[in-house]
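# Observations on the model geometry
Spelled out, the chains give:
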Amino acid sequence: MAGFYISKISVGGPNKKPAEIVFKPGCNVVTGASDTGKSYIFALIHYLFGKSELPKNIPESAGYEFAMVEIRAFDDDFVTTLYRAFGKNIVYAKYCGLDVFFKSDAVSKEFKTKGDVSGASHISSFLMHLSGLENKKVLRSKSKGKTENLSFASLRNLLWIDEEEIIRQSSPFYFSGDYSSYTRDQSTLKVLLSGEDFNNVKPKEDKVIKEKKITSKIEFALSRINAYTVERKLAVDTLNSATGGNPDSLTSLNSKLEIDLVELDRITNEIYLFQSKKTGTLTELAYTNELSRRFKVLSQQYKSDFERLEFILEADILSSQLGDTACPVCSSKINEAAFTHMREVDDFRQAGKTEIQKLSDKRHGLESTIIDVIRKQLDLEDELLGIDETITYLTNLSDQMQPRIEDTKGILTELLAQQKIANKIEFIDDEVQGYYKELDRLQRHLQAKEKEEELTVIDYFYLIDLSKFIEERLRLWNYDTNLSVVFNPHYTTFDIVISGKERRSFGKGKRSISFAACVLGLLDYCMAKERPLHKLVILDSPLTTFEEKTSETKSELANAIQSAFFKDLSRTPKDCQIIIFDNKRPAPELHRKLNVQEFTGNPSIGRNGFFP
């Protein structure tokens, strides 16, 4: 990709110390006080590259008779020096450095600054060759299909903007300054954006469209644009008044809510499981209690039986102590039959003792079982207590999480509402751009009805793409909140619309900033699309005129834009060059990224000005 940058400028004269300044690829900032030569350098650059008008005659320039500029190609750093005497219409070029121009044996080529720009002897042809745009045709007349060579003067006026031009209300893309040149200006932009020129121009095909129908469609499109502009403002006001967080936090909040819901679900499941466990434990405890009760009843029965048998045996013992004069069974005198009865009593006594032993064994075993059951009851009661404590703990956790989850849901709801409004704004922007595109089509149809064989100068989709690059610059400069940039292709306007407002309707401060964005956006477009261009932009006082109202808020806004402006320019790549002349100074931490040169206006401090 072609292109060149300015590496050095020098002004000289007999017995005069040269006034010089050095530039580098990337961004260069020349700053400082007024009347130190910044605007003089700007005018001098125009003059060196073929403009007829001399720089203003200032006292410091007295005795200086010529100027030189050293330029280098971006692709191979090939060096060329241009020399022009003040008041002369000839530019001399040598393929050598500026410092050795007068000593070099290199052949000096002579170029005219007046006459036919398509001629090989004109400085424009030489510079257009360096820019990769030689022999490109632009359109002079749509109705007649007349063309002319694209000149370097057009590129100068389009991309090198002085302090008066940068605040003008008319379109930055109507660089010629008069209505009769609008077609040529538009076609110049078409060549730069598309890479295609008008060498093979063909008239548009005739289309018969009723003027009334087209006009009504145009009126409808304009009414929709106006309605959408009002609707967009209301949406932006609503969005700005919202108290929610950054929409970028939607993802993190969704993630947080999902984690909390999963945790709450886990806690709920655990509560259910412990409640189920509690039910089972209560059932088991009830069974154990019933078993214990029955065992105690059985123990009581054993005790009664034991006591009854002991009583019988104890009565037998007492009766045996009375003597054996009579049978203890039948009270008969002791005889053989009585002895039989007495043996039966002994058998009964022995049986009683045996039964007591059995009951004793059973009571002992039952008491052991009862102890086990009681232990089981105690274990189950302890288990129930632990389950209740766990359920209480989990329930407290659940109760604590519920408000947090509801708060998160509330924030998400608000953010989603804001996102909906933001989507609505984006939809409106798309619709407005669509209506502007429709306006462009309808205007073409209307003009085709009024003027036969009229050519399409530039397709709207190129302007859509360009507006995106301009919007990105303005966005990086914090130009406005909820920013959108569309292109109004109407022939008399042919300018950007910023957030629903025509660029020309802003104050001169914001006009200068948006003008700079248009020029740099065009540079960004050409570099991104690899379109031929010299890739050199020069802006005089883009920030100086940005003086907002004196309120604190407006002052902070101006400072924010200025800071963002220089921060963005500090990232300028080295395969292009931007030169800024301005009274405003970039922050000190940006100086290492910007080639900053300050004219103090004070001979005792730093560099006084351009002239020594």
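Whatever comes next refers back to the structure up there.
An account of the accompanying structure is given in this report. (Residues numbered from 1 in each chain as written. Predicted model: local features only at pLDDT ≥ 70, side-chain atom pairs only at ≥ 80, totals over all residues. Heavy atoms only, no water.)

Counting its secondary structure elements, the protein contains 10 helices and 16 strands. Residues classed as buried in the protein amount to 44% of the 612 residues present. Of the contacts made within the protein by residues no fewer than 6 positions apart, 69% connect residues no fewer than 24 positions apart. Just so you have it, the protein exposes about 32100 Å², and 51% of that area is on carbon and sulfur atoms. (Helix = DSSP H or I, 4+ residues; strand = E, 2+ residues; numbered from the N terminus. Buried < 20%, exposed > 50% of the residue type's maximum accessible area, 1.4 Å probe, protein only. Contact = heavy atoms within 4.5 Å. Areas by Shrake-Rupley, 256 points an atom, 1.4 Å probe, with all protein chains shown as cover.)

Turning our eyes to something else, we now look at unusual backbone geometry. In this structure, Asn-482 is a non-glycine residue whose phi angle is positive, near 50 degrees. Here Asn-482 lies in the loop between helix H8 (460-476) and strand S11 (485-488). Residue classification places Asn-482 among the partly exposed residues on the basis of a relative accessible area of 27%. In this structure, Ser-499 takes a positive phi of about 50 degrees despite not being glycine. With respect to the secondary-structure elements, Ser-499 resides in the loop between strand S12 (495-498) and strand S13 (501-502). Overall, Ser-499 belongs to the buried group, its relative accessible area being 18%.

Taking 1.5 Å of rise per residue, 17 residues should cover 24 Å, and H8 covers 25 Å from first to last C-alpha, within 8% of that figure. Listed as buried for H8 are Tyr-460, Tyr-462, Leu-463, Ile-464, Leu-466, Ser-467, Ile-470, Glu-471, Arg-473 and Leu-474. Just beyond H8, the residue with positive phi is Asn-478, at close to 55 degrees. (Expected span 1.5 Å × (residues − 1).)

Here the focus is helix H1 (residues 38-48). For H1, the buried fraction is high: 9 of the 11 residues fall into the buried class. Within the span of H1, buried status applies to Lys-38, Tyr-40, Ile-41, Phe-42, Leu-44, Ile-45, His-46, Tyr-47 and Leu-48. Phi turns positive one or two residues past the end of H1, at Gly-50, with a value near 110 degrees.

Turning to the sheet that holds strand S6 (residues 90-94), a few remarks are in order. With respect to topology, 6 strands assemble into an open sheet ordered S2-S1-S4-S5-S6-S7, the strand pairing being antiparallel. If you trace the sheet from one side to the other, it starts and ends with strand S2 (19-22) and strand S7 (109-112), each paired once. The sheet shows a mean angle of 20 degrees between the axes of neighbouring strands, direction not considered. Pairing of strand S5 (residues 79-85) with S6, which is carried by 3 bridges, proceeds in the antiparallel orientation. Counterpart to Tyr-83 in the pairing with S6 is Tyr-92. The sheet strands contacting H1 are strand S1 (4-12), S2, strand S4 (66-73), S5 and S6, and the helix crosses S1 at an angle near 105 degrees. (Pairing = 2+ DSSP bridges. Axes fitted to C-alpha atoms, helices over the stretch in contact; angles between N-to-C directions.)

Quick look at the packing of aromatic side chains now. If you walk through the whole model with that rule in mind, you get 35 aromatic pairs. Both rings, one in Phe-42 and one in Phe-581, keep their centres 6.3 Å apart while their planes meet at 90 degrees; by these two values the pair is edge-to-face. Of this pair, Phe-42 sits in helix H1 while Phe-581 sits in strand S15 (residues 577-582), placing them 539 residues apart in sequence. Taken as a pair, Phe-42 and Phe-581 share a single burial class, namely buried. When the ring of Tyr-228 is compared with that of Tyr-435, the centres are 6.2 Å apart and the planes differ by 40 degrees; the resulting orientation is tilted. Of this pair, Tyr-228 sits in helix H5 (residues 211-241) while Tyr-435 sits in helix H7 (residues 336-450), placing them 207 residues apart in sequence. (Phe/Tyr/Trp six-rings, centres within 6.5 Å; stacked < 30°, edge-to-face > 60°.)

Counted by the stated rule, this structure contains 26 salt bridges. A salt bridge links Glu-165 to Arg-168; its shortest N-O distance comes to 2.0 Å. With a relative accessible area of 31%, Glu-165 lands in the partly exposed category. A single network of salt bridges, built from pairs that share partners, joins Arg-473, Asp-524, Asp-568 and Arg-571. (Salt bridge = Lys/Arg side-chain N within 4 Å of Asp/Glu carboxyl O.)

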